[in-house]
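# Examining the three-dimensional arrangement
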Amino acid sequence: MASNAANISLIEDFRPRLRKLIEVEYVLDLLNFLDNDHKDLIRTKARKESNLKAVDLLIDTIIRIRPHPDGWFREFVDALSAGGCKHAAIYVEDSPPSPSLEAENDYCVRLIELLSPSLLGMKTTDVCLACFTREILTKEDREIILAECQNRGNMSGARELLRRIVRFPPGWFSIFLKALQDTEHPDLFKELTGETPGDNLIEPVVGVSDEPGVLMDVNDAPGNVDHMVEEGGPVEAAENSVLPEQETLDSSVTSMHLDEPSEAAPETADLYSGTEEQVENGQPENSLNLSMSGCAAAESPPKADIVLRDYQMAVARPALEGKNIIICLPTGSGKTRVAVYITKEHLDSRGKEGRPGKVVVLVNKVPLVEQHYSTEFWKFLKNKYRVERVSGDSQLKISFTEIVQKNDIIICTAQILENYLERAHSGDDDGIKLSDLSLIVIDECHHTQKGGVYNHIMIRYLKQKHKNAKLKKEQKDTVAIPQILGLTASPGVGGAKKIEKAEEHILRICANLDAYKIMTGNLGENKKEPHKKIDTAEERKEDPFGDVIKGIMTAIHIHAELNPTCDLGTQNYEQWVVQKEQNAAKEENQKVRVCAEHLRQYNEALYLGKTIRMWDAFSFLDKYFDEELKKKVAPEDEEAIIKTETEIFLFTLFKDSKVKLQELAKLPQYENNSLSMLRTKILQEFTTREKARGIIFTKTRRSAIALAQWVQENSKFEEVGVKACHVIGGGGQSVVKPMTAAEQRDVLNKFQHAEINLLIATTVAEEGLDIAACNFVIRYELVTNEIAMIQARGRGRAEDSSYTLVAGEGSGVAERESVNEYREKMMSKAIDKVKKLDQEEYEKRIKEFQIQAIMEERVRTTKKKQKGMKKESPSKVKFSCRSCNKPVCSGEDVEIIENMHRVNVTPQFKELFIQRENTSLVQRLLDYETNGFIACKDCGQRWGSMMLYRGIECPCLHVKNFLVTYDEKRKNINKWNELGIQLPAFDYAEHARSVAESSEDEESM
């Protein structure tokens, strides 16, 4: 019999499926091993939020029960079967359908969803009784559907019927067709199958028996033929309804054929009650998070035509001739559409010549994968070519190599392609070679420099190109390399101060992309330039709130004997205090180290007070000290955590000033003038425009969130119809909780549909993301470089749009904006100079830069190897608490999970930390999830997080929270890859056995 750990792992593995197949209402009453309190919580979750959320809570509750009672797993399986969730029971019993059968079933679910507007007109009562007689509805299902018909009407009952039948095991679809046939619905039968009842129909689910739950493999079914899609026409149902066996993709990786958003009315049935699930996993609206093999019975949607403007066709022409080019067009001028057209022509041309074509579209941000897929490449090319998308958010069931093999166009983040190119280079069979591809499209190609991932890919290309030249001279066969197409709105000048250096920068990018030419277009009447204005706010005359904070900082300087060399509240001060903290940690000077940490927070509060409300700056400090005090409170049954004299001094210092800061933060006369000017600008835009829609760009995540709250809480904004929301980045480097890709998509979708009309964003929204046309853009106390300025300004795509910079007097922001304007003009001149170069001269200079890039890469590689993993024993590395310097463990105690997470599961380590719940952590539906954080038992210093990996609790260490000693030298290390010592891999099987044995020992006691 399988162990508890194995059963838990099984449930976790199939969680994404179970979420859609379990109806908690029917299953809960049959689970006697759950107490009533847990059941009530789950029912409340289902009633107030959704069944999906309730299933998550049910699974979490089952997994975390300690100890598990005897027979709990069998009871769970039986409850699923008896509760009308037989399909879920099949998965839990580790007997899932074959990948091909699973894909077929998913296809049928999707087909029902797409055609639900028509199906809602069925005679629901008759069909319900027919389905119940054939046992694809339970007695409870029948009663609920009939009650729904009686109380809310036929269509509501039909919607409930469709939602319930798709939860049955494979085989339900053919039975549903018979039910429609028997209840005299020939029109619905034909719509689902393409045939009229009585014709020689090969059912769409060939390979599924008529009895629910009896599974057959597609390859065992009679008449298995290849699946083919004819250009622009319907798929022949009778000949091609059986799909080739293939693995399926989960989450945001979905086959192109059926993932199109339904164009039907809003009555489209949500068959899995999965609105939030779709948002979480990046599905187009009204689509399911399931893999589809192809729409065998329904007609393909009408083919979308790609129509290019004259300037777009002009810039595309060299690429249509097979040449490598960079297309440089302003934001909003249709670069991606041009790339779609070039992709189509490229594949068409190779098809006519009988040569295989394979296109990879590379992006540098996860949200761009879904954007390019659903709004451009899939939309226009779905009828003729297989389009797929893959990103780091995807939970793949098959390898990227197989995805490339099975599709014509693949949209992915650049790092994924680089990883698989490296695999092939290392001799791994499961890798990708450049010769496997015929065209690479590189979005935001100005990033192809300075060792970025785009550059790594292109260095591989350049090396092969120069090898090919050598092979050609030796009259040997060359290796095929793909055509390259780069897209950018602004290549920038690379910090150049003179036109010569700017020209060199442009040439280097052209060299890195092996571009035959850089193409720019004359947009003519299509060009949209927003009106630009710089609003400078006077420096405030009095800042009593900031004065109190500076007084606190001065007291800390005296206590720690520190003498700052720069002004408080500046970036220079931030750098100075960070250096002081790092030096103090190495020297084990806890007094200075802790003081430096607090000074850094006060400096941040000073900066916040200059850009957002004083109240937001106060709240930031108050929250910080609240969290610090919580660290010093031990959980029950644990020894008290001791506060040092310095910590007591710092806590008292804030406590004594807290009331004063709180009072000052409420006084509007002392607010910064930049915020007042921003208020005036927003009100002006919303009172002078019929339909205002704008974006405010700001520097930090914290300021974006605070500004959104400020707008939402201000009644003046509400009166003029402002509906604001923030959108921030998804990286985890910041202390502010990041936004997931799904959350970003949700906000941008609401902005697209005018549910939100004011976005407050960090620079994540400047580049690439397809944001609805705005008629005003404001950069608030923010200036970076000329590329960012051009990108941000380009968001104002609507007619009569404005671009405003709001900056405080003396901040230097307005001056830096002027520098960017100068650099933009210099960039345009540099591009013109490059375009005017004689082609021979251009190619000569390009070749020189390419040889230089290859040589620099070789030097970097050599240095990396020299600096690479030292063949030293991990036991030579020692870790101690960064706060109290207590020895914690050695490198031999630390293991790596999935080349990413460093964990210490030794019993000795378990005795050194306390565990706290962290409700702000984002749960990811992967093989692991983070449940809370671990902290030093002595001083409360955070050490890392507690990770649940396939049913095993693993303390995960964050190296920045430790002082690392190696060769008797203490080091501050922020990332594990800086350690340079190879740590052992985590042995899941060994640890799972150990956990199972210990849990069995506990249960036997």
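Because the structure is a prediction, the values reported are computed rather than measured.

### Remarks on the overall build of the protein
In terms of helices and strands, the protein carries 37 helices and 23 strands. Scored against the burial criterion, the 1005 residues of the protein give a buried share of 54%. Counted over contacts in the protein with a minimum sequence separation of 6, partners at least 24 positions apart contribute 72%.

### As for the packing of helix H29 (residues 673–688) against helix H30 (residues 701–713)
Two elements in contact, H29 and H30, have axes whose closest approach is 13 Å; the angle formed by their N-to-C orientations is 55 degrees. Compared by their axis directions, H29 and H30 come out oblique. The way H29 lies across H30 gives a crossing that is right-handed. For the pair formed by H29 and H30, the contact residues are Leu675, Leu678, Arg679 and Ile682 on the first element and Leu707, Trp710 and Val711 on the second. Taken together, the residues of the contact of H29 with H30 sort by class into six nonpolar, no polar and one charged.

### What to know about empty space enclosed by the protein
Evaluated as defined, the whole model comprises seven cavities of 30 Å³ or more. Volume-wise, the largest cavity comes out at about 110 Å³. Taken together, Arg593, Val594, Glu597, His598, Glu628, Lys631, Lys632, Glu647, Ser883, Cys939, Gly940 and Gln941 form the lining of the largest cavity. Ranked by the residues each element gives to the lining of the largest cavity, the list is headed by helix H26 (residues 590–611), at four residues. Residues that form the lining of the largest cavity fall into these classes: two nonpolar, four polar and six charged. In this structure, the second largest cavity spans a volume of roughly 70 Å³. A per-class count over the lining of the second largest cavity returns three nonpolar, two polar and four charged.

### Some remarks on the sheet that holds strand S14 (residues 878–881)
Strand-to-strand pairing in sheets goes through backbone hydrogen bonds, with the strands running parallel or antiparallel. With respect to topology, four strands assemble into an open sheet ordered S15-S14-S22-S23, the strand pairing being antiparallel. What marks the edges here is a single partner per strand, and that holds for strand S15 (887–890) and strand S23 (969–971). Adjacent strand axes in the sheet meet at a mean angle of 30 degrees, parallel and antiparallel pairs treated alike. In this sheet, strand S22 (residues 962–966) lies alongside S14 in antiparallel orientation, the contact comprising four bridges. Bridge assignment links Ser880 to a residue of S22, and that residue is Leu963.

### Observations regarding the pattern of salt bridges
Any two side chains of opposite charge can pair, given that their charged atoms come close. Taken as a whole and assessed by the stated rule, the structure comprises 51 salt bridges. Arg19 is the partner of Asp56 in a salt bridge, and the nearest nitrogen-oxygen pair spans 2.8 Å. Highlighted residues: Asp56 in helix H5 (residues 51–64) and Arg19 in helix H2 (residues 15–21), separated in sequence by 37 residues. Residue Asp56 shares its accessibility class with Arg19, and that shared class is buried. Arg845 is the salt-bridge partner of Glu503, the closest N and O atoms lying 3.3 Å from each other.

### Observations concerning the sheet that holds strand S2 (residues 359–363)
With parallel pairing, the seven strands of this open sheet are ordered in space as S3-S4-S2-S5-S6-S1-S7. Edge positions in the sheet fall to strand S3 (387–390) and strand S7 (517–520), since each has one partner strand and no second. Across this sheet, the average inter-strand angle for adjacent strands is 20 degrees, counted without regard to direction. Judged from the five bridges that link them, S2 and strand S4 (residues 409–413) form a sheet pairing that is parallel. Counterpart to Val363 in the pairing with S4 is Thr413. Along the sheet face, helix H21 (residues 414–425) touches S2, S3 and S4 and points at about 100 degrees away from the line of S4.

### Brief notes about the nonpolar core
In this structure, Ile682 and Leu758 are the most contacted members of the largest nonpolar core, which totals 76 residues. Once you skip the residues sitting within four places of it in the chain, Ile682 turns out to touch Ile696, Trp710, Val711, Phe717, Val722, Leu758 and Ile778. If you look at the next biggest cluster of nonpolar residues, it comprises 47 residues, including Leu462, Leu507, Ile509 and Cys510.

### Concerning the confidence of the model for the protein
Residues of the protein with pLDDT of at least 70 account for 79%, and the chain-wide mean is 78. Summarising per-element confidence for the protein, the mean pLDDT is lowest in helix H15 (residues 237–240) (29) and highest in strand S5 (residues 439–442) (96). Note that pLDDT drops below 50 for residues 199–302; the model gives that stretch 305 contacts with residues more than four away or on any other chain.

### Focus on unusual backbone geometry
Phi at Glu184 is positive, roughly 60 degrees, even though this residue is not glycine. Mapped onto the elements of the fold, Glu184 is located in the loop between helix H13 (172–182) and helix H14 (186–193). On the basis of relative accessibility, which here comes to 62%, the residue Glu184 falls in the exposed class.

### Regarding the packing of aromatic side chains
A ring pair, where both rings are aromatic, is described by two values, the distance of the centres and the angle of the planes. Under the counting rule described, the total for this entry stands at 21 aromatic pairs. Here Trp172 and Phe173 contribute two aromatic rings whose centre-to-centre distance is 5.6 Å and whose plane-to-plane angle is 85 degrees, an arrangement assigned as edge-to-face. You'll find Trp172 and Phe173 in the same group, each marked buried. Centroid distance Phe909 to Phe913: 5.2 Å. Interplanar angle 50 degrees. Geometry classified as tilted. In this structure, Phe909 and Phe913 share a single accessibility class: buried. Residue placement shows Arg142 over the ring face of Phe132; its charged tip is 4.3 Å from the ring centre. The ring of Phe751 has Arg693 lying over it, and the distance from NZ or CZ to the ring centre is 5.5 Å.

### Section: helix H32 (residues 741–752)
Over its twelve residues, H32 extends 16 Å from the first C-alpha to the last, a length consistent with the 16 Å expected when each residue adds 1.5 Å. When H32 is considered as a whole, its buried residues turn out to be Ala741, Ala742, Gln744, Val747, Leu748 and Phe751. Once H32 ends, the next one or two residues include Ala754, with phi positive near 65 degrees.

### Notes on the state of the cysteines
When the sulfur atoms of two cysteines share a covalent bond, that bond is a disulfide. Taken as a whole and assessed by the stated rule, the structure comprises zero disulfides. Of all cysteine sulfurs in the structure, the one in Cys445 sits closest to Cys510, which takes part in no disulfide; the separation is 8.5 Å. Cys510 sits in the buried class, given a relative accessible area of 0%.

### Thoughts on the packing of H13 against H14
It is at 8 Å that the axes of H13 and H14 come closest, and there the two elements cross at 150 degrees. It follows that H13 is roughly antiparallel to H14 by the angle criterion. Considering how the two elements wind past one another, H13 and H14 form a crossing that is left-handed. Facing Phe173, Phe176, Leu177, Leu180 and Gln181 of H13, the residues of H14 in contact are Leu188, Phe189, Leu192 and Thr193. In terms of residue class, the contact of H13 with H14 is made up of seven nonpolar, two polar and no charged.

### Description of the pairing of strand S1 (residues 325–328)
Judged by which residues are buried, S1 turns out to be covered on both faces: Ile325 and Ile327 on one side and Ile326 and Cys328 on the other are all buried. Sheet topology places S1 next to strand S6 (residues 483–488); four bridges connect them, and they run parallel. Paired with Ile325 across the strands is Leu485, a residue of S6. As paired strands, S1 and S7 are joined by four bridges and run parallel to one another. Each bridged residue has a counterpart across the sheet, and for Ile326 the counterpart in S7 is Ile518.

### Notes on the environment of Gln312
Along the chain, the position of Gln312 falls in helix H17 (residues 310–320). Assessed through its relative accessible area of 6%, Gln312 is described here as buried. Put simply, Gln312 and Leu329 are 17 residues apart on the chain and 8.9 Å apart in space, counted from C-alpha to C-alpha. For Gln312, the contacting residues outside a window of four places in its chain are Val307, Ser333, Gly334 and Val338. In this structure the side chain of Gln312 is engaged in a polar contact, spanning 3.4 Å, whose partner is the backbone oxygen of Gly334.

### Re the environment of Leu57
Counting through the fold element by element, Leu57 comes out in helix H5. Its relative accessible area of 25% is what places Leu57 among the partly exposed residues. Sequence separation between Leu57 and Ile42 is 15 residues; the distance between their C-alpha atoms is 6.3 Å. Once you skip the residues sitting within four places of it in the chain, Leu57 turns out to touch Leu41, Ile42 and Lys45.

### Quick look at the side chain of Thr124
Among the secondary structure elements, Thr124 is positioned in helix H10 (residues 124–133). A polar atom in the side chain of Thr124 sits 2.9 Å from the side chain of Asn154. Residue contacts for Thr124: discarding those within four places in its chain leaves Ile145, Cys149, Asn154, Gly157, Ala158 and Leu161.

What counts and how
Residues numbered from 1 in each chain as written. Predicted model: local features only at pLDDT ≥ 70, side-chain atom pairs only at ≥ 80, totals over all residues. Heavy atoms only, no water. Helix = DSSP H or I, 4+ residues; strand = E, 2+ residues; numbered from the N terminus. Buried < 20%, exposed > 50% of the residue type's maximum accessible area, 1.4 Å probe, protein only. Contact = heavy atoms within 4.5 Å. Axes fitted to C-alpha atoms, helices over the stretch in contact; angles between N-to-C directions. Parallel < 35°, antiparallel > 145°, perpendicular 65-115°, else oblique. Left-handed = near helix turned anticlockwise from the far one by under 90°. Nonpolar A, V, L, I, M, F, W, Y, C, P; charged D, E, K, R; others polar. 1 Å grid on protein atoms, 1.4 Å probe; cavity = no way out; pocket = protein on both sides within 12 Å on 5 of 7 lines; lining within 4 Å. Points joined across faces, edges and corners; volume = space filled by probe spheres on them. Pairing = 2+ DSSP bridges. Salt bridge = Lys/Arg side-chain N within 4 Å of Asp/Glu carboxyl O. Core = buried A, V, L, I, M, F, W, Y, C linked by side-chain atoms within 4.5 Å. pLDDT = per-residue confidence, 0-100. Phe/Tyr/Trp six-rings, centres within 6.5 Å; stacked < 30°, edge-to-face > 60°. Lys NZ or Arg CZ within 6 Å of the ring centre and 35° of its normal. Expected span 1.5 Å × (residues − 1). Disulfide = S-S within 2.5 Å. Polar contact = N/O pair within 3.5 Å; in protein donor to acceptor, adjacent residues only side chain to side chain.

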